[in-house]
Amino acid sequence: MKKNLIWILSLVLLLTFFAAPASASTSFSDTNASEVQKLAQDGIVKGKSPGVFSPRSTLTRAEAATMIARAINADGKNGKSSFDDARGHWAEGEIAEMERRGIINGYGDQTFRPNADISRQEMTTVLSRAFTYNPIKGSFFTDVKPDSFYYKFIRELGDAQIVNGYQDGTYRPKETITRIDFSYMVARTLYSEFSATVDSVALGNAKSTGVVTSSGNLNVRPSPSTEYSALGSIPRGTTVSIHEREGNWALVSTKDIRGYVSLSFIDEDGEKEEEVDNSGPGKVIAEGKVVNANNLNVRTGPGTSNDRVGTIPNGTTVNVHELLSGWAKVSTDSVTGYVSLYYLQIIDPEAASSLQGKTVVIDAGHGGNDPGAVANGLQEKEINLDVSLRLETRLKAAGANVVMTRRSDWYPSLAERVRVANNAKADIFISVHANAAGATSASGTETFFDAAYWGGDSKKLAENLQTEMIDKLKTRDRGVKQQGFYVIRNTTMPSVLVELGFMTNKAEADRMKTNSFRNAAADALYEGTVNYFK
């Protein structure tokens with residue numbers, strides 16, 4: 001009798017939450033979320049009791065299994081679970097079907113724990129296994145580490161605008177998920193009219209960088225107005241990525257926080273400082289033209305911490321005397337100093353270069369919360385960016401128009417990198433990487449291309465770059481290979497991905513730490529590009 005009573009009560013719970021609604025006009029007194037209404041109309045959820053959804057109640061693993069089963073039209077009515085603690089449960093059939101499909105697994109002690117709450121990180125894993133997602137906009141969360149098991153699942157759903165984070169850039173992966181939040185995720189997955197505004201660091205392609213100049217910490221707000229309370233603050237002297245502007249406000253990010261700050265306290269341009277020669281303008285090596293800035297700041301040295309000595313209006317032609325990583329020493333009749341290369345187009349009419357006027361997109365792989373490979377004291381993202389910036393300097397000096405997918409330590413999604421290249425109508429695309437392998441003996445340099453667009457030209461570009469890298473880096477030649485990596489498969493111009501060497505090989509890693517290797521890599525990529533355009 002007791003078992004019969006338990007079975008009846010369980011059946012009532014199943015029918016009240018997950019049974020198909022009585023009519024398409026199903027509504028709830030405690031939520032008017034259109035996502036919930038849509039799911040209810042399609043028979044995927046129903047309230048806990050008539051007219052009551054209980055949106056803030058936590059979701060159990062059994063409820064999640066049943067909801068996913070309904071969403072993918074998986075019939076679990078006659079399924080038998082292999083988990084002892086799921087047998088006889090009202091959701092046993094759906095649990096068995098999810099188990100069979102590899103969507104929701106049990107625990108190491110061979111239990112399923114159907115009545116346990118499901119966490120936000122577990123939920124992203126379930127959805128990733130149940131559905132296919134395409135990246136829309138880059139996202140990363142400051143509290144989800146790259147070595148976490150759940151990292152790739154959370155990033156996947158963040159990039160697809162399925163999951164939300166919080167305004168401080170965190171995801172809080174171990175927190176339990178509520179019925180309303182899970183409903184949002186499923187609705188965004190099933191219906192194109194719904195999408196998340198992902199509160200994460202580094203949304204959108206960074207347009208420039210800047211340094212905080214406020215006397216103390218600079219307040220960061222969720223919207224461009226002082227009417228909103230501060231989410232936190234950024235210390236004076238911190239370099240930030242600038243993603244967009246709205247009036248006198250900028251959407252900025254660091255590795256710790258994202259939000260709006262007043263532009264009155266941001267000093268734009270620049271990357272790292274280098275030693276400079278202030279003895280005079282020196283020899284003119286090229287001409288340049290100021291672009292992308294109304295008035296370009298001129299500084300005493302190559303870095304935003306150096307004092308400003310004046311400005312140069314947009315469109316002004318300048319003499320170029322020296323090129324450093326990301327900076328140029330320039331002069332006009334009225335001012336001499338250093339400017340960011342981001343705002344300068346090099347013009348060298350005497351160079352007779354095959355690069356003059358060509359648009360080259362350089363993609364420094366990984367970045368931000370995605371370090372890429374990590375081995376022997378190196379992070380791949382740092383090598384990729386350093387070599388890419390050195391290559392940019394060389395290409396600009398030869399008259400090329402260079403577009404960088406990133407100029408600092410942040411993560412643009414793969415889709416954003418492709419979008420930058422395609423929107424730039426680039427002549428070629430080069431993605432810079434360093435390699436890793438399980439076997440520490442693996443070594444050498446290789447270049448990949450894809451034949452989806454401009455297959456023959458992509459192969460030619462790959463061969464030119466590979467030849468120069470082997471010559472200048474003196475590494476083992478692993479050859480040119482065809483492979484459909486996302487960024488070279490979806491860019492609509494000749495595109496390649498280069499692997500400079502193996503960070504997991506101690507000897508090659510030690511070389512990669514040196515300026516001589518990085519300069520040789522930049523020289524090789526430059527020479528290979530010149531040869532391709534000849």
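None of the values given here were measured: they were computed from a predicted structure.

**Digging into the overall build of the chain**
Helix and strand counts for the chain come out as 13 helices and 22 strands. A burial count over the chain gives 56% of its 534 residues as buried. Summed over its atoms, the accessible surface of the chain is roughly 23000 Å², and 47% of this surface lies on carbon and sulfur atoms.

**Structural notes on the sheet that holds strand β15 (residues 359-364)**
In spatial order, the strands read β18-β15-β19-β22-β20-β21; together these six strands make up an open sheet with mixed pairing. Since the sheet does not close on itself, it has two edges, and those belong to β18 (401-404) and β21 (477-482), each with one partner. On average, each strand axis in the sheet is tilted by 20° relative to the strand beside it, whichever way the strands run. Here β15 pairs with β18 via four bridges, running parallel. Residue pairing across strands places Val-361 opposite Val-403, the latter belonging to β18. Running at roughly 170° to β15, helix α9 (residues 414-423) makes contact with β15, β18 and β19 (428-435) of the sheet.

**Looking at the pattern of salt bridges**
Across all of its chains, the model carries 19 salt bridges by this definition. Measuring nitrogen to oxygen at the nearest pair gives 2.7 Å for the salt bridge that ties Glu-382 to Arg-518. Of this pair, Glu-382 sits in helix α8 (residues 380-397) while Arg-518 sits in helix α13 (residues 515-533), placing them 136 residues apart in sequence. Arg-518 sits in the buried class, given a relative accessible area of 5%. Taking the shortest distance from any N to any O, the salt bridge between Arg-407 and Glu-392 comes out at 2.6 Å. Taken together, the residues Arg-407 in the loop between β18 and α9 and Glu-392 in helix α8 connect sequence positions 15 residues apart. Each member of the pair, Arg-407 as well as Glu-392, is classed as buried. Shared partners join several salt bridges into a network, and the residues in it are Glu-382, Asp-386, Arg-390 and Arg-518.

**Here's the deal with the nonpolar core**
Side chains of a nonpolar character, in soluble globular proteins, are inclined to be buried together. By size, the foremost hydrophobic cluster in this structure holds 52 residues, and its most contacted members are Ile-68, Met-98, Met-123, Leu-127 and Phe-182. Elements supplying a minimum of two residues to this core: α2 (34-41), α3 (61-71), α4 (92-100), α5 (120-130), α6 (151-159) and α7 (179-190). With seven residues, α3 is the largest single contributor of residues to this core. Contacts of Ile-68, omitting those with residues within four sequence positions, involve Met-98, Ile-103, Val-126, Leu-127, Ala-130, Phe-131 and Phe-182.

**Topic: the pairing of strand β8 (residues 286-290)**
Residues of β8 alternate between two faces, with Ala-286, Gly-288 and Val-290 buried on one and Glu-287 and Lys-289 left unburied on the opposite face. Note that β8 and strand β11 (residues 317-324) share four bridges and pair antiparallel. Bridging across to β11, Gly-288 finds its partner in Val-318.

**What to know about α8**
Here α8 is 18 residues long and its end C-alpha atoms lie 26 Å apart, about the 26 Å a rise of 1.5 Å per residue gives. Most of α8 is tucked away, with 15 of its 18 residues classed as buried. Where α8 ends, the next residue or the one after it, Gly-399, has phi of about 95°, a positive value.

**Concerning unusual backbone geometry**
Positive phi outside glycine occurs at Ser-54, with the angle close to 60°. Considering the arrangement of structural elements, one finds Ser-54 in the loop between α2 and α3. Note on Ser-54: relative accessible area 19%, which makes it buried. In the Ramachandran plot, His-366 falls in the positive-phi region, its phi being about 65° despite a non-glycine side chain. Residue placement: His-366 occurs in the loop between β15 and β16 (374-375).

**A short note on the packing of α5 against α6**
Running from amino to carboxyl end, α5 crosses α6 at an angle of 70°, the nearest separation of the two axes being 8 Å. By the angle between their axes, α5 is roughly perpendicular relative to α6. Contact residues: α5 offers Gln-121, Thr-124, Thr-125, Leu-127 and Ser-128, while α6 offers Phe-153, Ile-154, Glu-156 and Leu-157. Its residues assigned to classes, the contact of α5 with α6 comprises four nonpolar, four polar and one charged.

**Focus on the packing of aromatic side chains**
Overall, the coordinates contain eight aromatic pairs when judged by the stated rule. Residues Phe-83 and Phe-112 carry aromatic rings whose centres are separated by 5.6 Å and whose planes lie at 45° to one another, so their mutual orientation is tilted. One end of the pair, Phe-83, is in the loop between α3 and α4; the other, Phe-112, is in the loop between α4 and α5, and 29 residues separate them in sequence. Relative to Phe-153, the ring of Phe-149 lies with its centre 5.6 Å away and its plane at 55°, an arrangement referred to as tilted. Of the residues examined, Phe-149 reaches a relative accessible area of 52% and is grouped as exposed. According to the relative accessible area criterion, Phe-153 is buried, its value standing at 9%.

Cut-offs and rules
Along each chain, residues carry numbers from 1 onward, in the same order as the chain's sequence is written. Given that this is a predicted model, residues contribute local features only at a pLDDT of at least 70 and side-chain atom pairs are listed and counted only at 80 or more, while totals for whole chains, interfaces and linings are drawn from all residues. The basis for every side-chain value is the complete set of heavy atoms in the structure, and neither hydrogens nor water enter the calculation. Strands are runs of DSSP state E lasting at least two residues, helices are runs of H or I lasting at least four, and both sets are numbered from the N terminus onward. Burial classes follow relative accessibility: with a 1.4 Å probe on protein chains only, a residue under 20% of its type's maximum area counts as buried, one over 50% as exposed, and anything between as partly exposed. Only the protein chains shown count as cover for residues, with accessible areas throughout obtained via the Shrake-Rupley method and a probe of 1.4 Å. Should DSSP find at least two bridges between two strands, the strands are taken to pair. Axis lines are fitted through C-alpha atoms, for helices just across the contact stretch, and the angle between N-to-C directions can take any value from 0 to 180 degrees. Any two residues whose heavy atoms approach within 4.5 Å at even a single point are treated as in contact. Whenever Lys or Arg places a side-chain nitrogen within 4 Å of a carboxyl oxygen from Asp or Glu, that contact is recorded as a salt bridge. Throughout, nonpolar core names a set of buried Ala, Val, Leu, Ile, Met, Phe, Trp, Tyr and Cys residues whose side chains join them through atoms within 4.5 Å. The length a helix should cover is 1.5 Å for every residue beyond the first. In these notes the angle categories are as follows: under 35 degrees is roughly parallel, over 145 is roughly antiparallel, 65 to 115 is roughly perpendicular, and the rest is oblique. Residues are grouped as follows: Ala, Val, Leu, Ile, Met, Phe, Trp, Tyr, Cys and Pro are nonpolar; Asp, Glu, Lys and Arg are charged; all remaining types, including Gly, are polar. Pairing of aromatic side chains here covers Phe, Tyr and the six-membered ring of Trp, requires ring centres within 6.5 Å, and sorts the geometry by plane angle: under 30 degrees stacked, over 60 edge-to-face, intermediate tilted.

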